[in-house]
Amino acid sequence: MRMGLGLAGLVLAPVAGHAQATPDAPAARATGPAAKAATAPAKAVPVDPALRALIPDAALADPVHWALDTDAAHQTPDPASLPDDTAVTDAALAVLPGLTIAWPDSFTLPPITPLTPDPDIASLADVVHDAGAALDVAMPRGGWRGPLGADAVVNHVAPGIDLVFPKGTVLPEMDDLTDRFVALSSLRALGRGEDNLAQLSRRAHDDMALLVQILRIYGYYDAEVSQNLVGLSPLADTVPKPVAKGRGAPPPQATARFEVVPGPRYRLGALDLGGVATSPDRAALIKALALKSGDPANTEAILSARARLSDMLGHIGYAFAKVGDPALAVDHEALTADLALPVVTSGKYQFGTITSSLPKFINSRHLQRMARFRPGQIYDQKLIDDFRREVLATGIVGGATITPREAIAPTPAAPGVADLDVKLTKGPEHTIGAQIGVSSGEGFEVDGSWEDRNLFPPEGMLRVRAILGTREQLGGVTFRRANFLKRDQSLTVDASVQYQTTDAYNAYFASTTISLDKQSTLLFQKKWAYSLGVQLTATRQLVVGSPADVPYTPYVIASLPLKLAYDGSNNLLDPVRGQRIAITVTPAISILDDTRSTYVTTQLDASAYQPLSGALVLAERVRVASINGASIDALAPSQHLYAGGGNSVRGFGYQDVGPRNAYNTPIGGLSVSEFSLEARVRTGLADGAFSVVPFVDAGMVGETPTPTMRGARYGVGIGVRYKTNFGPIRFDIGTPLNRYPGDSRIGVYVSLGQAF
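Residues numbered from 1 in each chain as written. Predicted model: local features only at pLDDT ≥ 70, side-chain atom pairs only at ≥ 80, totals over all residues. Heavy atoms only, no water.

Here we look at the overall build of the chain
So, point 1. Secondary structure summary: the chain contains 13 helices and 31 strands in total.
So, point 2. Sorting the 756 residues of the chain into buried and exposed places 37% on the buried side.
So, point 3. For the chain, the computed accessible surface area is about 41900 Å², with 61% contributed by carbon and sulfur atoms. (Helix = DSSP H or I, 4+ residues; strand = E, 2+ residues; numbered from the N terminus. Buried < 20%, exposed > 50% of the residue type's maximum accessible area, 1.4 Å probe, protein only. Areas by Shrake-Rupley, 256 points an atom, 1.4 Å probe, with all protein chains shown as cover.)

The structure is reproduced here in C-alpha cells:
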C-alpha cells in the first residue's frame, strides 16, 4: 500500500491512485469485499399483494395521523373518574384473554444456587498467580508481561516511565529519541503526585501517541507502540488504611511502560525540487541541500535541508526565492518516501539603493555607510542580516525591518536590481548611568553620566559625566560621531577637568583629546580594534610627601596615542576561551618651564583563556611597558609607569609596587612587568551564577627602560564572581606575600567584569 504522509511541519502531497494521511490522523483508503458490503445500498423486500389489500388507504397516505385518529384520542377524561393503578392494571390485563401469568407482586422467585467452581480452573488460577508473583520479583517495578517477552530491553527513562524494546533493537537516534520523549512527556511534565488512575491512564495514552509521532520523525512509519500501567497493588491490598484527619487515601503509584516495535526505517525515494532543476546554480543548490535518494526519511533532516537550501538561495542572489513546505508520499510496500519540495527561484538580483523610513533620524546615506555591500554587488541575505545587526547596535534604534523591493526585473542576460526599504523604529535616545566602586588604595568612587545618543543626527552623541570619589573628582563632556566616514569608525572629542590624589602624587588636569577609533562594544565585539588620537594636557602636580613649601609643578604635555588590538576571545566581559593582544605606542612631548622632553611609551598587553572542563577556566595575563627617550626626573609624575591595584598586582594598593623615595612614597619608574594567573571555577550555586576564583599576581617597576622582575612583588587571594545579564560582578580579596613596610595586609576590589 502507498500513502501520502505529513509530520512535524511536513504537508501532504496528493498522490494519484494512493491513499493519503494527514499529520495528525494517518489513514488509508479501505478496499475489498467487506468494504463493498458495508457501503452497498439496501435491497428492496417484496410485499404480498393480499397483505397489502388489508391495509386502509388512509394508513398508507398518512400512517401517523391514521394511528392517532381514534375516539379515545378525541375525548378528555376526568382525572377524578380514573381508577387507581391497580384497577387500571387489572383492567388492562382483563382485556388480554388467555393470559395466566401472575402479576410480579403476587409471586416470589426461587433462590439462586451458586455453581461449584471447576477444579481445573481453580488450580490454573493458582498457577497464574504464582507466575505473576515470580515476575514481580524479577522485575520489582511491578513486572511486565507484554508481548515482547521477558527478555525485552527495559529502559527506565524517567521516574515511573519505561520504554521497552525488543531484544537486539538498534536505533541510531536512540538517545535523541529518548531525550525528546522525556522532554515532551505529559506524565513527566504533570507528575504523578495525587493523580488518580484515570488521569494517569489518560496521560499515558497521550504519551503513546507522542511516541508514535517521534518515531515517524526519524523515519519509522510502521512503528507499533502499546502502553500499560504496571506496579499497582492487588485488589486485596487496595483497601484504604486509616489516615490522618483531613487527608485522603494515598494515590495509586504505577509505572507507565511503553512497548515499542520500531519496524523498518523508511528511506527517501524520488526528490522533486521544483525550480532547482532548471537553475543555473543547480550544482551549488543541490550541494547545500545535502539530501539524496536512499537517505533516511528523517523529518528533522528534511527541514534542516530546506533551511540550508533557502539560505543558499538568498546567499547567491535569489532575493525573492520561495521555498515551500516539504511533503512526503510514503510507500509502505517499497518502504520509501518520495519528497516534494516546491522551490521558485524568481531570478537573480543585485543590490540597489537603500531608503530610510526616517531620513531626519538616520538618513539613507548614513545607512549605506553602515552596510558591508555596495550597489551593483550580487544580493546576499547574509549581508542583509549583518546590516540589520549593525543598525540595531547603534543603540538608538528600537527595531529595524529591511525589505527588498524589485527595481529592475532580471533577464536571461543580466540580473535584476533589488532596492532595500529600511523601516526604522526609534529606541530610547537618552541614558542616565551610574556606577559605584571601591578598592584598597583607590578608595570609594561614584561615576554618573547623562547622554543623548542622537542629539546631532545621525548618531551624534553628547555625554556629560562626573566622578565623585575619595581620591578623584572629574567633570567632562564628550562628543562622539559613530560610523564616521566608514562603518564602525568613530570620531570622539573629549574635554575634562580633574583632580586626582594617589599614594604617588596629587595633580590637577585640564585636557582635550581628539581620536579616531574602532573599538569593541558590548553589542558588537570586534576582532580588530584601533585608535589614533591627539591629546593635549595642562597639569599641575606635586609628589606626595614633599615639604609644605614645595609648590605644584606645571607641565604641558602633547601626545599621539596609537593603539592596535586583536580580540580572539569569545566574550568581551567574561571570556572562557581565546586570546587578546594589544600594543600601544604613545609619542609625547613634555614641557617643564623652558625644558622640552621627547619620549615614547610602549606597552604590550596579552591574555589567554583555556577551558579545562565545563566548570573550570584557566586565565593568564602579561603586561610589559617601557619609556624611552627621557629621564624620569624630566617627566610629570602622572607619566611614570606604576603597578599595583585591582587590575594589576592585587593585594597591593594602587601604584604601590615599585621604587619609593625617602618619604616611602611610590615614585614609579621607566618600565613595568606584570603577570597574573587565575582559575575561574563555576559552582552550582544560583544555577551556576556564582564562581570562585583563586589567583596569584606578580609585578615589578624598574628604574630603567628595560623591563625586569628583579625584586618582584607577589600577591595571592581569592575572588567571587556573580554572573548577570550585563557581565560578571567581581569581588576580590588579596594579600601581599612580600609587602612593603607599612602596607596593608589585605586588599579588597569590587568592580564590573573580570580582572582581565
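Structural notes on unusual backbone geometry
So, point 1. For the bond running from Pro457 to Pro458, omega is -5°, close enough to zero to count as cis.
So, point 2. Along the polypeptide, Pro458 turns up in the loop between β16 (443–452) and β17 (460–469).
So, point 3. A positive phi angle, close to 55°, is found at Ala290, a residue other than glycine.
So, point 4. Residue position: Ala290 is located in the loop between α10 (282–289) and α11 (299–315).
So, point 5. A positive phi angle, close to 65°, is found at Asp488, a residue other than glycine.
So, point 6. Tracing the chain through its elements places Asp488 in the loop between β18 (472–481) and β19 (490–501).

Describing helix α7 (residues 174–184)
So, point 1. Among the residues of α7, those classed as buried are Met174, Leu177, Thr178, Phe181 and Val182. Viewed end-on, α7 has its buried residues packed into an arc of 125°, placing them on one side of the element. Seen from the buried face of α7, the exposed residues on the opposite side, beyond 90 degrees, are Asp175, Asp179, Ala183 and Leu184.
So, point 2. For α7, the elements touching its buried residues are β3 (153–158), β4 (161–165), α8 (186–190), α9 (197–217) and β6 (255–261). (Arc of directions from axis to C-beta. Contact = heavy atoms within 4.5 Å.)

Topic: the sheet that holds strand β5 (residues 224–230)
So, point 1. Read from one edge of the open sheet, 4 strands run β3-β4-β6-β5, paired in mixed fashion. Only two strands of the sheet have a single partner each, and these edge strands are β3 and β5. In this sheet, neighbouring strand axes are inclined to one another by 25° on average, regardless of whether the strands run parallel or antiparallel.
So, point 2. As paired elements, β5 and β6 share 7 bridges and run antiparallel to each other. Paired with Val230 across the two strands is Thr255, which belongs to β6.
So, point 3. Against the sheet, α9 engages β4, β5 and β6, with an angle of about 155° to β5. (Pairing = 2+ DSSP bridges. Axes fitted to C-alpha atoms, helices over the stretch in contact; angles between N-to-C directions.)

Some points on the packing of aromatic side chains
So, point 1. Summed over the entire model, instances satisfying the criterion amount to 13 aromatic pairs.
So, point 2. With a centroid separation of 5.3 Å and 80° between ring planes, the pair formed by Tyr221 and Tyr266 is classed as edge-to-face. Here Tyr221, found in the loop between α9 and β5, pairs with Tyr266, found in the loop between β6 and β7 (267–272); they are 45 residues apart in sequence, far enough to count as distant. Neither residue differs from the other here; Tyr221 and Tyr266 are each classed as buried.
So, point 3. Aromatic side chains Trp528 and Tyr566 sit 5.1 Å apart centroid to centroid with 55° between the ring planes, which places their arrangement in the tilted category. Highlighted residues: Trp528 in strand β21 (residues 528–543) and Tyr566 in strand β23 (residues 562–567), separated in sequence by 38 residues.
So, point 4. A relative accessible area of 48% means that Trp528 is categorised as partly exposed.
So, point 5. Site record: aromatic cluster; members linked through ring pairs are Phe351, Phe373, Tyr379 and Phe387.
So, point 6. Sitting over the face of the ring of Phe756, Arg680 holds its NZ or CZ atom 5.3 Å from the ring centroid.
So, point 7. We note Arg713 situated over the ring of Tyr740; from NZ or CZ to the ring centre the distance is 3.8 Å. (Phe/Tyr/Trp six-rings, centres within 6.5 Å; stacked < 30°, edge-to-face > 60°. Lys NZ or Arg CZ within 6 Å of the ring centre and 35° of its normal.)

Re the layout of surface pockets
So, point 1. Considered as a void within the structure, the second largest pocket measures approximately 560 Å³ in volume.
So, point 2. In terms of lining, the second largest pocket is formed by 32 residues, of which the most central are Asn571, Asp574, Pro575, Val576 and Lys723.
So, point 3. Elements that contribute at least two residues to the lining of the second largest pocket include exactly β25 (595–613), β26 (616–628), β27 (671–682), β29 (713–724) and β30 (727–736).
So, point 4. Counted by class, the lining of the second largest pocket contains 15 nonpolar, 11 polar and 6 charged residues. (1 Å grid on protein atoms, 1.4 Å probe; cavity = no way out; pocket = protein on both sides within 12 Å on 5 of 7 lines; lining within 4 Å. Points joined across faces, edges and corners; volume = space filled by probe spheres on them. Nonpolar A, V, L, I, M, F, W, Y, C, P; charged D, E, K, R; others polar.)

Let's talk about a nonpolar patch on the surface
So, point 1. On the surface, a nonpolar cluster with roughly 860 Å² of combined accessible area is contributed by Leu685, Phe690, Val720, Tyr722, Phe726, Ile729, Phe731, Ile733, Ile746 and Leu752.
So, point 2. When residues of the nonpolar patch are traced back to their parent elements, those giving at least two are β29 and β30.
So, point 3. Take the nonpolar patch: its biggest share by element is 3 residues, from β30. (Patch = residues over 30% accessible without salt bridge, like charges linked within 9 Å, V, L, I, M, F, W, Y side chains within 5 Å. Salt bridge = Lys/Arg side-chain N within 4 Å of Asp/Glu carboxyl O.)

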